[in-house]
Amino acid sequence: MNGGFSMKDINKVVDSVLSSGGDESIDSLVRMIKSGEAGVSPSQVKGFAQKLMPMLDEKQKRTLKRILAKL
């Protein structure tokens, strides 16, 4: 468990945010990352994003870029 969340929980949140792209979801995820509640650091997220980006569709890429900009 990471900060009370399992990796499965974190993956669900990320999938939800990437598919919805809503500001509230993005802000919530960014808060979790910055506070340490997500169990990953902003620099880890940036590294994951670089690897994930080529596999995403355009909407998901835009959402991920918005998340990265807020970190």
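You'll find the structure just up there.
Residues numbered from 1 in each chain as written. Predicted model: local features only at pLDDT ≥ 70, side-chain atom pairs only at ≥ 80, totals over all residues. Heavy atoms only, no water.

Draft legend 1. Focus on the pattern of salt bridges. In total, this model carries three salt bridges according to the counting rule given. A salt bridge links D23 to R66, with the nearest nitrogen and oxygen atoms 2.0 Å apart. One end of the pair, D23, is in helix α2 (residues 23-35); the other, R66, is in helix α4 (residues 58-70), with 43 residues separating them in the sequence. The partly exposed category is assigned to D23, whose relative accessible area is 48%. For the salt bridge of K61 with E58, the shortest nitrogen-to-oxygen distance reads 3.7 Å. Of this pair, K61 and E58 both sit in helix α4, three residues apart, roughly one helical turn. (Salt bridge = Lys/Arg side-chain N within 4 Å of Asp/Glu carboxyl O. Helix = DSSP H or I, 4+ residues; strand = E, 2+ residues; numbered from the N terminus. Buried < 20%, exposed > 50% of the residue type's maximum accessible area, 1.4 Å probe, protein only.)

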